[in-house]
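Residues per chain are reported as follows:
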Amino acid sequence: MLSRHSPEASAPLSPRGLSVARFLDGGGIWPAVPALVYLLVFMVAPIATLLTFGFVDIDRGTVGEGGFTLSHMVGVLSDPLVWRLTWRSFWIAVVSTSLTLIFAYPVAYAYGHLRGAARTLLLVAVMSPLLTSALVRTYAWIVILGGRRGLVNQTLLTLGLIERPLDILNTSTAVLIGMTQIHLPFMILPLLAVLSERDRSFEQASLNLGASQTVTFFRVTVPMSMPAIVAGFALVFAVSYTNFIVPQLLGGGNYSTIAVQVYEQTIVVLDWSRGAALATLLLSSCFVFVFAIVAAGNWLTRWSEVRR
Amino acid sequence: MNQLIIDGVTKQFGALKVLQSCDLTVERGSVVTLLGPSGCGKTTLLRSIAGFVTPDAGRIRVKGQDISRLPPNRRDVGYVFQNYALFPHLTCRDNIAYGLVVRRVPKAEIARRVSQALDLIALAAFADRYPKQLSGGQQQRVAIARALVLEPQVLLLDEPFNALDAQLRLSMQVELRKLIDRVGITSIFVTHDQQEAMALSDRVAIMRGGRIEQIGSPLEIYDRPRSCFVADFIGRANLMPTQVRAGRTEGPQAIAAALPDGPATLVARPENIDLTPGSGPGWPGKVTFLTALGPVIEYEVDCGFSVPVRAALPRHAGVETFEPGALVTARIRDEAAAVVLPGEPNHA
Ligand SMILES: Nc1ncnc2c1ncn2[C@@H]1O[C@H](COP(=O)(O)OP(=O)(O)OP(=O)(O)O)[C@@H](O)[C@H]1O
Ligand SMILES: [Mg+2]
């Protein structure tokens, strides 16, 4: 190991020896190689295969004679319904992500002010939903929101606050409620990491300069946590935009989004080509939106990037 | 007129008594330094004035008004943090403007006062940079300007030079003192560097274990320490055990002392000790070590006390030099400059 660093010994290294040495050194991209290989084989390749289905004809599970065709893609892109659903996916994701941010921020902020058992308890409470699958949690929301006997309606009826059961289930409200709750941990965790470690002297400086606690929160605490907000927002946006379970189950059969369309075309209608073409649209539009979020975030947090 | 009066401020963290009835009075426009060893409560006292720490007892008055119960944002006391705490997401200009903006000062006035402050710290050219893009010394100036632009009643600075390298430290000390004199603001510094305290302040308050042990001008404290701790902490001092009998010390040099009979400590600075070769009137001893400091040579002489006597002799022509092992006699040059304290020597 030592000899690697002495100039005389490094000259006659074989290319193989060199790459092993570099790998061990942790230089450049080498440490990321195992993860990259894994992703290439088990993610990029299958997705690429899947997406190519959108550019060929598929008949009963086999690729048809015609070869490359843009007809599915053109069909998808010229369908006004597809654009309406993309727009809806986008809005539901934006609103739901904004709601997670609004709910997550106080939790992460409170975490920084707690000590000992209360702190551990909060962390466990934040993480525990991740122990069950999203599917189970979505079904739980059906039980809570659904029908006359659902938890919400029963409580409100018993308290006499409403006359007739509310129709929450199978509406966009139900989708928003479910999606927001299910994605909450993904927003809380990045915020919590940053907010709990923050240096309080900045807030004290703000108080000292005459700002109230509220002004300090909005002018110092929130802007300084902007990098974490952007990270959480991009992450939760991506999972909300592409989520098909929640809109399908809580929105009822009649509530569709672009992600639900991909599922239905592929699994129900068995039109793999149209499904793949829709998936191409879903994936590429998701990239565009996430890129836009990150770009906006970089602009908002340009102070954190400056160098001398 | 007294700008700031701290009266019996006491603070306990758990079982630890961090501040024990601290009293301090700061005159308008003067610069006071809190000096003391690590953990003696300097920062806690400063934070009590700013309102980040709530004292258990005692009162803090600014211009006669009791501010002890006010929240930090209503105290009108500037605070310069040790790490400067400049807001990283705001430019220099916006950092300096922050206090004015949250006070809803009219825009035109903000612009005027901020550009004035930028001129004061000679950083107008850097106004639109973020704190990260500034050097440590520049960041410090911005932090000071951010506090000064609000024209607070008192400016508090917690070890403002700590993050700077030795070279920059010296020049910033001088610059800061000039700046403070120019705006004439009442200031309290915290430091544990005694040279910094001597250089910067009108008065020095020596703290020890949560108490203020002595307050006075730097020279007063240097010349007339009231305890062995102060003598030892400010500059270097020889603490020699002696006995007082009828108003004079016993031993080779009888020095007047207004103390009752009993054990006492003779305090003499190294530069007030003279060495002569061989034996004579004084404390006989043997040179054990020498340090050539440049302008002076400092000798350690074993005179039979628990710690060696230090003597700093100038390097003029005609002043004798000694080698380790040389037999010498140590004596106090100027008896009037020696201090006699009650009790046995007590080394800090
Ligand atoms: N919030 C706190 N909780 C518990 N103990 C504290 C707290 N703040 C300070 N202390 C303790 O109080 C004592 C004095 O602390 P303080 O920071 O005032 O010392 P200092 O004189 O500024 O020291 P230094 O020169 O090292 O900065 C220390 O023993 C410290 O551990
Ligand atoms: Mg301190």
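The structure presented is a predicted model; accordingly, all values stated were derived computationally and were not measured.

## Let's talk about the nonpolar core
Moving on, step 1. In this structure, Leu4, Leu24, Leu34, Leu45, Ile96, Leu156 and Ile188 of chain B are the most contacted members of the largest nonpolar core, which totals 76 residues.
Moving on, step 2. Sequence-distant contacts of Ile188 of chain B, that is, excluding residues within four places in its chain, are made with Leu4, Leu24, Val26, Val32, Leu34, Leu46, Ile49, Val154, Leu155, Leu156 and Leu157 of chain B.
Moving on, step 3. One finds Val222, Ala228, Ala279 and Cys286 of chain A within the second-largest nonpolar core, a separate group that totals 38 residues.

## Remarks on the side chain of Arg75 of chain B
Residue and element names in this part refer to chain B.
Moving on, step 1. Take Arg75: it is sitting in the loop between strand E5 (65–66) and strand E6 (77–80).
Moving on, step 2. The side chain of Arg75 is buried and forms no salt bridge, while Asp66, the nearest opposite charge, is found at 7.4 Å.
Moving on, step 3. A polar side-chain atom of Arg75 sits 2.9 Å from the main-chain carbonyl oxygen of Ser48.
Moving on, step 4. Polar side-chain contacts of Arg75 include one of 3.1 Å to the backbone oxygen of Ile67.
Moving on, step 5. When near neighbours in sequence (up to four residues on either side) are disregarded, Arg75 contacts Ser48, Ile49, Ala50, Gly51, Ile67, Ser68, Arg69 and Leu70.

## Structural notes on empty space enclosed by the protein
It is a probe the size of a water molecule, rolled over the atoms, that shows where empty space is left.
Moving on, step 1. The tally for this structure, following the rule as stated, stands at 3 cavities of 30 Å³ or more.
Moving on, step 2. Around the largest cavity sit Asn208 and Leu209 of chain A together with Asp76, Val77, Gly78, Arg103, Ala147, Leu150 and Pro152 of chain B, which together line it.
Moving on, step 3. For the lining of the largest cavity, a count of residues per class yields 5 nonpolar, 2 polar and 2 charged.

## Focus: a nonpolar patch on the surface
Residues and elements named next belong to chain A.
Moving on, step 1. A cluster of nonpolar residues, Val37, Tyr38, Leu39, Leu40, Val41, Phe42, Met43, Val44, Ile47, Leu283 and Phe287, forms a patch on the protein surface that exposes about 1100 Å² of accessible area.
Moving on, step 2. Listing elements by their share of the nonpolar patch, those giving two or more residues are helix H3 (33–52) and helix H15 (272–300).
Moving on, step 3. The greatest single-element share of the nonpolar patch, amounting to 9 residues, is contributed by H3.
Moving on, step 4. Among the secondary structure elements, Phe42 is positioned in helix H3.
Moving on, step 5. When its relative accessible area of 56% is taken as the criterion, Phe42 is described as exposed.

## Examining the UniProt feature "transmembrane region" (unreviewed entry) in chain A
Residue and element names in this part refer to chain A.
Moving on, step 1. UniProt feature "transmembrane region" (unreviewed entry): in the numbering of this structure it lies at residues 35–56, 89–109, 121–144, 174–195, 216–241 and 276–300.
Moving on, step 2. As annotated, residues 89–109 has a helix share of 100% and a strand share of 0%, and its two end C-alpha atoms lie 30 Å apart.
Moving on, step 3. Counting secondary structure, residues 174–195 comes out at 100% helix and 0% strand; the distance between its end C-alpha atoms is 30 Å.

Conventions used here
- Residues numbered from 1 in each chain as written.
- Chains lettered and ligands numbered in written order.
- Predicted model: local features only at pLDDT ≥ 70, side-chain atom pairs only at ≥ 80, totals over all residues.
- Heavy atoms only, no water.
- Core = buried A, V, L, I, M, F, W, Y, C linked by side-chain atoms within 4.5 Å.
- Buried < 20%, exposed > 50% of the residue type's maximum accessible area, 1.4 Å probe, protein only.
- Contact = heavy atoms within 4.5 Å.
- Helix = DSSP H or I, 4+ residues; strand = E, 2+ residues; numbered from the N terminus.
- Lys, Arg positive; Asp, Glu negative; His and termini not counted.
- Salt bridge = Lys/Arg side-chain N within 4 Å of Asp/Glu carboxyl O.
- Polar contact = N/O pair within 3.5 Å; in protein donor to acceptor, adjacent residues only side chain to side chain.
- 1 Å grid on protein atoms, 1.4 Å probe; cavity = no way out; pocket = protein on both sides within 12 Å on 5 of 7 lines; lining within 4 Å.
- Points joined across faces, edges and corners; volume = space filled by probe spheres on them.
- Nonpolar A, V, L, I, M, F, W, Y, C, P; charged D, E, K, R; others polar.
- Patch = residues over 30% accessible without salt bridge, like charges linked within 9 Å, V, L, I, M, F, W, Y side chains within 5 Å.
- Areas by Shrake-Rupley, 256 points an atom, 1.4 Å probe, with all protein chains shown as cover.
- UniProt positions renumbered as here; feature names shortened; annotations may be inferred.

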